[in-house]
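Tertiary structure, described
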Amino acid sequence: MSYVYGMYRPLKFCEVIGQEVVVKLLKKALSLEKLPRAMILYGPSGVGKTTLARLVAAWFVCENRTEDDVCGKCDMCKAIQNDSLVDVLEFDAASNTGVDDIREILNQSNYAPQYSSQKIFIIDEAHMLSRSAITAMLKTLEETADHVRFMLLTTEIDKIPSPIRSRCFCLALQSVNPKSMSEHLAALDGVKISEDAMDLLVQLSNGSMREVLSLTQQAAMLDSNVNLSVIHEILSFADEVFVAKMAGFLLSGQFVEIFEEITNFTKSKNISLLSFLTQLIQFFQAEIQKAESAKKGPLLRILIDLNKLSVAATKISFFSAMITIGLAEIAYNNRISN
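To start, this report covers the structure provided alongside it. (Residues numbered from 1 in each chain as written. Predicted model: local features only at pLDDT ≥ 70, side-chain atom pairs only at ≥ 80, totals over all residues. Heavy atoms only, no water.)

Some remarks on the pattern of salt bridges
For the structure shown, the criterion picks out five salt bridges. Close ionic contact of Glu261 with Lys245 constitutes a salt bridge, the shortest N to O distance being 3.1 Å. In this pair, Glu261 sits in helix α13 (residues 255-268) while Lys245 sits in helix α12 (residues 240-252), placing the two residues 16 residues apart along the sequence. (Salt bridge = Lys/Arg side-chain N within 4 Å of Asp/Glu carboxyl O. Helix = DSSP H or I, 4+ residues; strand = E, 2+ residues; numbered from the N terminus.)

Structure follows, in structure tokens:
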């Protein structure tokens, strides 16, 4: 993780990818000294919520700050990046959900900051706080001292109670668009990524900058020239011939062959069935785009079933067996419909 966060994590506002509007708002509010004392940053995982919260904290302590950005290099900026500045406290609500946990944190808001004009509390996964913890926080938000700021981060804004939301300035972060991701990957130092490998990395990341950088990290450890075969290797992907063969079985309703082929293949090859399921989904997405309107129906039905199977499979521990059985069932249902 240190490779991803240390080398690739933005150290300045100008380095943040795909969140131009939010960055502009934060910088404007900071420069005019109008940043609200309680904020919520919400959006999908891996799009920059923690990064932006830390950059806001760095604004108040940076030793070489310019008119619109922090330096990212001074001792104070590094202390925030390393989570070692006592005036900035990061709290993981997912593992500390109780009222006693939050009270211990909130009690520290009574003490003045040591190195900054502000004491900043960054609460990640804020939607995981218990009802009693939320009640305790609500009281603190209503009586926030001038030297205290709260930044709540969440992937599920709807689970944050409305009394909390109404007392916070809420900023929505978006999934990072593919073009921004590709441009950023192409500019990385020390790594050369082929176009098809980059397309696959971006597609697999689902808009998460953290995910695409994590995958890139793994690939670069194997080879600094990252191509499609390297990505397939780290993700334990099946080869394209096998994917096409299994897709044909799904289309023709050969459910017995599906079950037998996957069972035999997984015994002899080191493939991830979850990754293989992703490949099948991508295969049918491409086929639907190429197919004539009259032929899209069966392809679309299978794609819908594959997506449902993918969602269900990630929520259970024995997903390999479930995927095998699920694919056979999709083929069987397709045979009946035909």
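Let's talk about the pairing of strand β1 (residues 38-42)
When you tally the buried positions in β1, you get four out of five residues, the bulk of the element. Where β1 meets strand β4 (residues 148-154), five bridges bridge the pair, whose relative direction is parallel. Bridge pairing in β4 links Tyr42 to Thr154. Here β1 runs beside strand β5 (residues 169-172); their pairing, made up of four bridges, is parallel. Within the sheet, the bridge partner assigned to Leu41 lies in β5 and is Leu171. (Buried < 20%, exposed > 50% of the residue type's maximum accessible area, 1.4 Å probe, protein only. Pairing = 2+ DSSP bridges.)

Quick word on the packing of helix α9 (residues 195-205) against helix α14 (residues 273-290)
Relative orientation of the contacting elements α9 and α14 amounts to 105°, with a least axis distance of 12 Å. When the axes of α9 and α14 are compared, the pair comes out roughly perpendicular. Facing Leu200, Gln203 and Leu204 of α9, the residues of α14 in contact are Thr278, Gln282 and Gln285. When grouped by side-chain class, the residues that make up the contact of α9 with α14 number two nonpolar, four polar and no charged. (Axes fitted to C-alpha atoms, helices over the stretch in contact; angles between N-to-C directions. Parallel < 35°, antiparallel > 145°, perpendicular 65-115°, else oblique. Contact = heavy atoms within 4.5 Å. Nonpolar A, V, L, I, M, F, W, Y, C, P; charged D, E, K, R; others polar.)

Overview of the side chain of Gln118
Along the chain, Gln118 falls in the loop between α5 (99-107) and β3 (119-124). Reaching out from Gln118, the side chain makes a polar contact with the side chain of Arg37 at a distance of 3.3 Å. Within the local environment of Gln118, its side chain forms a polar contact with the side chain of Arg149, the two groups lying 3.0 Å apart. Leaving out residues up to four positions away in the same chain, Gln118 has contacts with Arg37, Phe60, Asp87, Pro113, Asp146, His147, Val148 and Arg149. (Polar contact = N/O pair within 3.5 Å; in protein donor to acceptor, adjacent residues only side chain to side chain.)

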